[in-house]
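Descriptive structure summary
The chain contents come next:
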Amino acid sequence: MPLYGAVEAGGTKFMVAVGEEAGAEPNAVRRIETSSDAAATLREVITFFLDHGPVAAVGVATFGPVDFRKGTISTTPKEGWAHFPLRDILQRELRVPVGFDTDVNGAALAEARLGSGRGAQSLVYVTVGTGIGGGAIIAGKPVHGLLHPEMGHLPVRLHPEEPAGFMGVCPYHGNCLEGSASGPAIEARWGKPAVQLPPGHPAWMIEAGYLAQACLSISLILSPERIVLGGGVMDQPHLLGMVRARLAELNRGYIPLPELSAPGLKYPGLTGAFVLAEEALQ
Ligand code: ADP
Ligand code: ZN
């Protein structure tokens, strides 16, 4: 049985793991801090794989934006990481195939193969956390285009109950989806972290309104069988049902709506990296 290496690369931490099969309990997992010295961070990743390997292939599910042609994180403001050749260094140092995709495309792939959308040929994974990002699987394959989907920055209509003067927090677009509905947007709007807002707070109707708009746009453009909503903000158990209800209202019966669900996997991104590793070997 070959051993696979998985990397979920985030702006705060890299989760790395080795295991025999995507979806099975990994043999070893480590958290590595994302330092501004990208080469040093990657050196730690490589050392982990050498210590726990040999691995036959590696999968990387990374924060973006990603340049698939070059195997880099392209224009990130994250210090030390813009245009860093993540994929090629791993390939060169480990001498194994490296599968490379965005964190959310990886999570979507894992949820479609092994998670709450098991068996789906079309699925979108949206994470609602510090940022908002979306990955898409269509006909069983992650969607790549000129870049890759950046659903977090979809434009949304202003919610009628948006407090006056709130302009959104996206540095590029102000009140795009991420600017209006990410964890930091909720905190900026209400002056306290989302986790401290009780279920009856007006914050949640507004949040559900924006997420439902995004789900409708996603459904109109891609028509996936399922949309999986993950990320820290979705840890509010009442929120998913509110989004579902609002989505039905906005749709007015026009299109068949996808199933909306929570992730079925504990670590969708890391599991996605294992799937990418398996595919890289084939
Ligand atoms: P990241 O996006 O950085 O990978 P998370 O998905 O955990 O990390 O998202 C972090 C964001 O989610 C923060 O803005 C935080 O305020 C918010 N958050 C975390 N836990 C909860 C919770 N239980 N309820 C609401 N918001 C939460
Ligand atoms: Zn934006």
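I will try to describe carefully the structure that is included in this document.

Criteria and cut-off values
- Residues numbered from 1 in each chain as written.
- Chains lettered and ligands numbered in written order.
- Predicted model: local features only at pLDDT ≥ 70, side-chain atom pairs only at ≥ 80, totals over all residues.
- Heavy atoms only, no water.
- Pairing = 2+ DSSP bridges.
- Helix = DSSP H or I, 4+ residues; strand = E, 2+ residues; numbered from the N terminus.
- Contact = heavy atoms within 4.5 Å.
- Axes fitted to C-alpha atoms, helices over the stretch in contact; angles between N-to-C directions.
- Salt bridge = Lys/Arg side-chain N within 4 Å of Asp/Glu carboxyl O.
- Buried < 20%, exposed > 50% of the residue type's maximum accessible area, 1.4 Å probe, protein only.
- Near = heavy atom within 4 Å.
- Polar contact = N/O pair within 3.5 Å; in protein donor to acceptor, adjacent residues only side chain to side chain.
- Areas by Shrake-Rupley, 256 points an atom, 1.4 Å probe, with all protein chains shown as cover.
- Expected span 1.5 Å × (residues − 1).
- Phe/Tyr/Trp six-rings, centres within 6.5 Å; stacked < 30°, edge-to-face > 60°.

**Structural notes on the sheet that holds strand β10 (residues 141–142)**
The strand order β10-β9-β8-β11-β12 describes an open sheet built from 5 strands, whose pairing is mixed. The open sheet has two free edges, formed respectively by β10 and β12 (259–261), since each of these has just one partner strand. Its contacts with the sheet place helix α3 (residues 103–113) against β8 (123–128), β9 (132–138), β10 and β11 (226–230), and it is angled at close to 50° to β9. Contacts from helix α6 (residues 203–222) reach β8, β9, β11 and β12, with the element oriented near 155° to β8.

**Focus on the pattern of salt bridges**
In this structure the tally under the stated criterion is 7 salt bridges. With a shortest N-O distance of 3.9 Å, Glu93 and Arg92 are connected by a salt bridge. Arg92 gets classed as exposed once you look at its relative accessible area, which sits at 52%. Across the salt bridge formed by Glu249 and Arg246, the nearest N and O atoms sit 2.4 Å from each other. Of this pair, Glu249 and Arg246 both sit in helix α7 (residues 239–251), 3 residues apart, which is roughly one turn of that helix. Salt bridges linked by common partners bring Arg43, Arg92 and Glu93 together as one network.

**With respect to the site of ligand 1**
Gly129, Thr130, Gly183, Pro184, Ala194, Val195, Gly231, Gly232, Val233, Asp235 and Gln236 make up every residue found near ligand 1. Contact between ligand 1 and Thr130: an oxygen atom at 2.6 Å from a side-chain N or O atom of the residue. The contact in question runs from an oxygen atom of ligand 1 to an N or O atom on the backbone of Gly232, over 2.8 Å. Relative to its unbound accessible surface of 580 Å², ligand 1 loses 61% to contact with the protein.

**Quick notes on α6**
The end-to-end C-alpha distance of α6, which contains 20 residues, comes to 28 Å, matching closely the 28 Å that a straight helix rising 1.5 Å per residue would cover. Positive phi shows up at Ser223, right after α6, with a value of about 50°.

**Quick look at the pairing of strand β1 (residues 4–9)**
Residues in a regular strand point their side chains to alternate faces of the sheet. Across the 6 residues of β1, 5 count as buried, placing the element largely inside the fold. Where β1 lies against strand β2 (residues 13–19), 6 bridges are found, and the strand directions are antiparallel. Paired with Ala6 across the bridge in β2 is Ala17. Count of turn residues in the β1/β2 antiparallel hairpin: 3 residues. As paired elements, β1 and strand β4 (residues 57–62) share 6 bridges and run parallel to each other. Counted as the bridge partner of Gly5 is Val58 from β4.

**A word on the packing of aromatic side chains**
With the rule as written, the count across this model stands at 4 aromatic pairs. Seen in terms of ring centroids, Phe63 and Trp81 are 6.3 Å apart; in terms of plane orientation they differ by 70°. Their pairing is edge-to-face. Note that Phe63 is positioned in the loop between β4 and β5 (66–67) and Trp81 in the loop between β6 (72–73) and α2 (86–94), a separation of 18 residues in sequence. Both residues of the pair, Phe63 and Trp81, belong to the buried class. When the ring of Trp81 is compared with that of Phe84, the centres are 5.3 Å apart and the planes differ by 70°; the resulting orientation is edge-to-face. The exposure class assigned to Phe84 is buried, which follows from its relative accessible area of 11%.

Any link to function would need more than the numbers given here.
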